[in-house]
Amino acid sequence: MKNESTRVAKLLTCQRHMFSLPKGLHYLNCASQSPLPNTVAQAAHEAIARKVNPSLASDAESFAPVEALREIVGRVVNASAERVALIPSVSYGVAVALANITIAAGQNVVAPAEEFPSNVYGWMDACREHGAELRLVPRPTDTQQPGKEWNERILEAIDKNTAVVALTPLHWTDGTWFDLPAVSERAREVGAAFLVDATQTVGAVPLDVAAFRPDFLICTGYKWCLGPKGAGFLVVGDRFMDGRPIEKTWIGREGSEDFGRLVNYSERYRGGARRFDAGEHHNPITVSMLSAGLQQVLAWGPDNIQSYCVGLAEQAEAALAETEYALAPAGERASHLFGIHVAEVARLPAIVAALKARNVYVSPRGSAIRVSPHLYNTPEDMAALVEALLETCF
């Protein structure tokens, strides 16, 4: 199977024709938000048409698309659809975790430094409230293998008093890979819960939850899943499948599919992770869009997307060698999201503004210029980025 994926990846060409990006736009910022593929936009238009005339769909028909979306999510991350809850945001998923994890005085929560705020603030407040310690493990500097050493420091920070390890498959600012299986194993050794925010990974990298068994895996849909804002998912592990939801929704209760019996109130939840679904998760517009986006991801293949981006990242790395700009070693970072570091971090906003003036769109994140290409990008886009960067050297 691996050989077949490699063969397909070599045949996969630029897919810009499947998007409606303006000519001359060098959009290298999918990690901020993706443009919508035309198929997703069409799904949105069709869903809006049904909303314009609600008589076109019955109340009961709102369940089938939601269950189909669970199945699609399961195929993308190799999980049972029964483990999938539909949520609007990473912070919502973290709130579900916080409602079900006990953090006591003297314990600690471990996460990488400069983590995305949605995966920090909840733990920060919980640690303050319960007298626990939030350990944000700093990025190593002055080393030839920053990714390797960062992973080692995270493992060292996990001890017998660790209640939670909150991680991402890669760091959102510069694409540094984290060793999820190793961290998961260490978390299990000490009895800590393991939460993974996979927003910057799902859809662009093959991800198999069976390989690292998170207690909670969270992802929002408006980046690499090619969907809308306000639509995402939570994959729940065995340990918390019978946990407490943060909303007491009617649709999460057993028998809610039968609209004629809704006032026969039930103490029981629907099966699987459905108890954790957010209220109004069955919005037909967002469900249709996220389903279409993930179906497109599956059609292309996350492994093929990553392989396509390798060539673009290598182009930038080669062109910027021996300049003031520096990329992490290829083996320590992703290719769909990577950081270009500069010596003077204070210059980042000016550099990004200069790139934007040349119609090159990237983001300043942490200490890096974050570049995040996709299948709609071309070697010409990367050449425009490099040319603009070199012109801003001073």
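Residues numbered from 1 in each chain as written. Predicted model: local features only at pLDDT ≥ 70, side-chain atom pairs only at ≥ 80, totals over all residues. Heavy atoms only, no water.

Trainee: Can you help me understand the packing of helix H3 (residues 63–77) against helix H8 (residues 284–300) in this one?
Mentor: Two packed helices can be described by the angle between their axes and the distance between those axes. H8 packs onto H3 with a crossing angle of 30° between their chain directions and a minimal axis gap of 10 Å. Relative to H8, the element H3 lies roughly parallel. Crossing geometry of H3 relative to H8 is assigned as left-handed. When H3 is examined against H8, the residues Pro65, Val66, Leu69, Ile72, Val73, Arg75 and Val76 are found in contact with a partner set consisting of Val287, Leu290, Ser291, Leu294, Gln295 and Leu298. In terms of residue class, the contact of H3 with H8 is made up of 10 nonpolar, two polar and one charged. (Axes fitted to C-alpha atoms, helices over the stretch in contact; angles between N-to-C directions. Helix = DSSP H or I, 4+ residues; strand = E, 2+ residues; numbered from the N terminus. Parallel < 35°, antiparallel > 145°, perpendicular 65-115°, else oblique. Left-handed = near helix turned anticlockwise from the far one by under 90°. Contact = heavy atoms within 4.5 Å. Nonpolar A, V, L, I, M, F, W, Y, C, P; charged D, E, K, R; others polar.)

Trainee: Just checking my understanding: could you explain the side chain of Thr201 for this structure?
Mentor: Note on placement: Thr201 falls in the loop between strand S6 (193–197) and strand S7 (216–220). Once residues lying within four places of it in the same chain are set aside, the contact partners of Thr201 are Pro169, Leu170, Leu207, Trp224 and His336.

Trainee: What is the right way to look at the environment of Leu167 in this model?
Mentor: Note that Leu167 resides in strand S5 (residues 162–167). Residue class for Leu167 comes out buried when judged on its relative accessible area of 1%. Taking the C-alpha atoms as reference, Leu167 lies 20 Å from Ala368; in sequence the two are 201 residues apart. (Buried < 20%, exposed > 50% of the residue type's maximum accessible area, 1.4 Å probe, protein only.)

Trainee: Explanation requested: the packing of aromatic side chains in the structure shown.
Mentor: Two descriptors summarise a pair of aromatic rings, namely the distance from one centre to the other and the angle between the planes of the rings. A full pass over the atoms with the stated rule returns nine aromatic pairs. Judged by centre distance (6.5 Å) and plane angle (35°), the ring pair of Tyr27 and Tyr361 falls under tilted. With Tyr27 in strand S1 (residues 26–27) and Tyr361 in strand S11 (residues 360–361), this residue pair connects regions lying 334 residues apart in the sequence. For Tyr27, a relative accessible area of 14% gives the class buried. The partly exposed category is assigned to Tyr361, whose relative accessible area is 25%. Relative to Phe259, the ring of Phe63 lies with its centre 6.2 Å away and its plane at 85°, an arrangement referred to as edge-to-face. Of this pair, Phe63 sits in helix H3 while Phe259 is found in the loop between strand S8 (232–236) and H8, placing the two residues 196 residues apart along the sequence. An aromatic cluster of at least three residues, connected via ring pairs, comprises Phe19, Tyr27, Trp300, Tyr361 and Tyr376. A cation sits over an aromatic face here: Lys229 above Tyr222, 5.1 Å from the ring centre. Directly above the ring of Phe338 sits Arg333, whose terminal nitrogen or CZ lies 5.5 Å from the centroid. (Phe/Tyr/Trp six-rings, centres within 6.5 Å; stacked < 30°, edge-to-face > 60°. Lys NZ or Arg CZ within 6 Å of the ring centre and 35° of its normal.)

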